[in-house]
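An overview of the molecular structure
Each chain, letter by letter, is given below.
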Amino acid sequence: MKILHFIEGRCNADSANGVDKTIYYLTRAQAALGHEVHIVSETEKELIPIPGVVLHRTAPTKGYLRCPQEVKDIIDKVKPDVGHFHSAYVTGNICVSRHMRRRGIPYAVTPNGNCSRVLLTRRPWLKIPYKLLLERPYMNRAAFVHSVGDRREIEHYGITVPIVDALNGIDPDTIPDHFDTECLMKEVPAFKDHFVCAFVGRLDIEQKGLDLLVEAVKKIKNDGIKVGILLIGPEWKGSKKRIEEHVREAGVKEHFHFYGPAYGDKKFDLLVGADVFIYPSRWEGLPFAVVEAMAAGQLCLVTPASDPAGLLAKDEAGVVFPTSVDGIADGIRRAAKLSEDERKALLSQSARIVREEMNWEGIARKVIESYEKAVVPEESK
């Protein structure tokens, strides 16, 4: 089967962007299964190779209203059996999908959490009309919409075509064999004797709920729990400054450490060296940071939005709390009071979920089976 994926920007598996990671690992797994996989990447940057995948770079054309001739030429040359679009609110996806429909090529869409109803509260005067006039009709013309754990939000968005559930996965080779558990204390000695909660991801104050986290720490700082919040990740559209100001105003500066980005073994050393991993997001698709923490054997503290398909709550494999200041504060309190046996039980279930639900080969097979149903001639259905 010939599969043609589209991405705005380039696909960088080492970035903090979950869409990039989804595309990288999904396409690599599809190619490993013997399929001819292509990616059209709209970027000026040098492309990063993906094993077995053919990459096509096109010039960025933000806000275009027609499918660029350059993209048309690639589609006509590749002659894909199916197309696959990623993310949402990308004008180019809609324009290219029109051209594919005219060519009789079915397509799939992976919103990656961008159907979230919370997201629509940001600039609603723009996003709601865009959703109703463009985004939702384009998704409802797809062969199927791929849920990475955000089925409820996709359904609430008004999607009427089939929804295929296939979580994001983890490549075991990306998890180190050994961890330097002393790394965190060497890097942040001020957190000695603290209950350390590590966050890994871009510092997006709204999406990641970091404003709620600051207020939660303020609420519990007098509870006798010495909490240390380690923020690992890159700046995001000025959010770091906003978080720093919030931390100062809340009087919890000594409880927060802004580490900046960390990659490879260092990221995992810091993550595993903490007492828990925390991800208090307001909305998500399926955050890779949570999957990585689970695969590394770290206990996860998450909101329902960050819980992969609700599995941590359903299978009692982590600490899940409401998306609120009180909810986060209570979640940290609960985690800090867990006995060793309780913690082991949670981690055992978490490891099982990773083994059974987050295997890229299985995920790729499930998506490909859905492609195959889409390309069956109508008279054969």
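Our subject is the structure listed above.
The written sequence of each chain sets the order in which its residues are numbered from 1. Reporting of local features is limited, given that this is a predicted model, to residues whose pLDDT is at least 70; pairs of side-chain atoms are given and counted only at 80 or more, and all residues count toward the totals for whole chains, interfaces and linings. Neither water nor hydrogens contribute to the side-chain values; these are computed over all heavy atoms in the structure.

**Overview of the overall build of the protein chain**
Under the convention used in this document: Secondary structure follows DSSP: runs of H or I at least 4 residues long count as helices, runs of E at least 2 residues long count as strands, and numbering of each begins at the N terminus. Computation of the radius of gyration draws on C-alpha atoms, with the globule rule given as 2.2 Å multiplied by the number of residues to the power 0.38. The rule is simple: take the accessible area with a 1.4 Å probe, protein chains only, and divide by the maximum for that residue type; under 20% is buried, over 50% is exposed, in between is partly exposed. Contact definition: two residues touch when any of their heavy atoms are within 4.5 Å. Here the Shrake-Rupley method, with its probe set to 1.4 Å, supplies the accessible areas, and only the displayed protein chains count as covering residues. This count recognises Lys and Arg as positive and Asp and Glu as negative, with His and chain-terminal groups excluded. Here the site of a charge means atom NZ of a Lys, CZ of an Arg, CG of an Asp or CD of a Glu.
Each helix and strand in the protein chain was counted, giving 14 helices and 13 strands. For 381 residues, the compact-globule formula gives about 21 Å, and the C-alpha radius of gyration of the protein chain, at 21 Å, lands near that figure. The principal-axis extents of the C-alpha atoms in the protein chain amount to approximately 65 × 45 × 40 Å. Burial statistics for the protein chain: of 381 residues in total, 54% are counted as buried. Summarising the internal contacts of the protein chain: among those between residues at least 6 apart in sequence, 68% fall at separations of at least 24. Split by element, the accessible area of the protein chain, about 17,000 Å² in all, is 49% carbon and sulfur. Placing the 53 positive and 53 negative side-chain charges of the protein chain at their respective mean positions leaves the two points 6 Å apart.

**Description of a positive patch on the surface**
Applicable threshold: Like-charged residues within 9 Å of one another, or nonpolar side chains (Val, Leu, Ile, Met, Phe, Trp, Tyr) within 5 Å, are grouped into patches, provided each residue has over 30% relative accessible area and no salt bridge. What counts as a salt bridge is simple: a side-chain nitrogen of Lys or Arg found within 4 Å of a carboxyl oxygen of Asp or Glu.
On the surface, Arg98, Arg101, Arg102 and Arg141 cluster together to form a positively charged patch. Looking at the secondary structure, you find arginine 141 in the loop between helix H4 (124-139) and strand S6 (144-147). Using a relative accessible area of 49% as the deciding quantity, one classes arginine 141 as partly exposed.

**What about a nonpolar patch on the surface?**
On the surface, Ile128, Leu132, Leu133 and Leu134 cluster together into a nonpolar patch covering about 360 Å² of accessible area. Topologically, isoleucine 128 is positioned in helix H4. Using a relative accessible area of 38% as the deciding quantity, one classes isoleucine 128 as partly exposed.

**Side note on the pairing of strand S9 (residues 227-232)**
Definition in use: Here, a strand pair is defined by DSSP locating no fewer than two bridges between the strands. Assignment of crossover handedness uses the view with strands pointing away from the viewer, where a clockwise path from the first strand over the helix to the second indicates a right-handed crossover.
Counting buried positions along S9 yields 6 of 6 residues, so the element is predominantly enclosed. Of the two faces of S9, the one lined by Val227, Ile229 and Leu231 and the one lined by Gly228, Leu230 and Ile232 are each fully buried. The sheet contact formed by strand S8 (residues 195-200) and S9 spans 6 bridges and is parallel. Paired with phenylalanine 199 across the bridge in S9 is leucine 231. What joins S8 to S9 is helix H7 (residues 210-220), and the crossover it makes is right-handed. Alignment of S9 against strand S10 (residues 256-260), held across 4 bridges, turns out to be parallel. Residue pairing across strands places leucine 231 opposite phenylalanine 258, the latter belonging to S10.

**What to know about the packing of aromatic side chains**
Selection rule: Between 30 and 60 degrees the pair is tilted, below 30 it is stacked and above 60 it is edge-to-face, where a pair is any two Phe, Tyr or Trp rings, Trp via its six-membered ring, whose centres lie within 6.5 Å.
As enumerated under the stated definition, the model contains 11 aromatic pairs in all. Between tyrosine 25 and tryptophan 360, the ring centres sit 5.9 Å apart and the planes meet at 20 degrees, which makes this aromatic pair stacked. Of this pair, tyrosine 25 sits in helix H1 (residues 18-32) while tryptophan 360 sits in helix H14 (residues 360-375), and the two are 335 residues apart along the sequence. A relative accessible area of 12% means that tyrosine 25 is categorised as buried. Arranged with centres 5.1 Å apart and planes meeting at 15 degrees, the rings of phenylalanine 199 and tyrosine 279 form a pair that is stacked. Of this pair, phenylalanine 199 sits in strand S8 while tyrosine 279 sits in strand S11 (residues 276-279), placing them 80 residues apart in sequence. Given a relative accessible area of 3%, tyrosine 279 falls into the buried group.

Remember that the coordinates give geometry; whether it matters functionally is a separate question.
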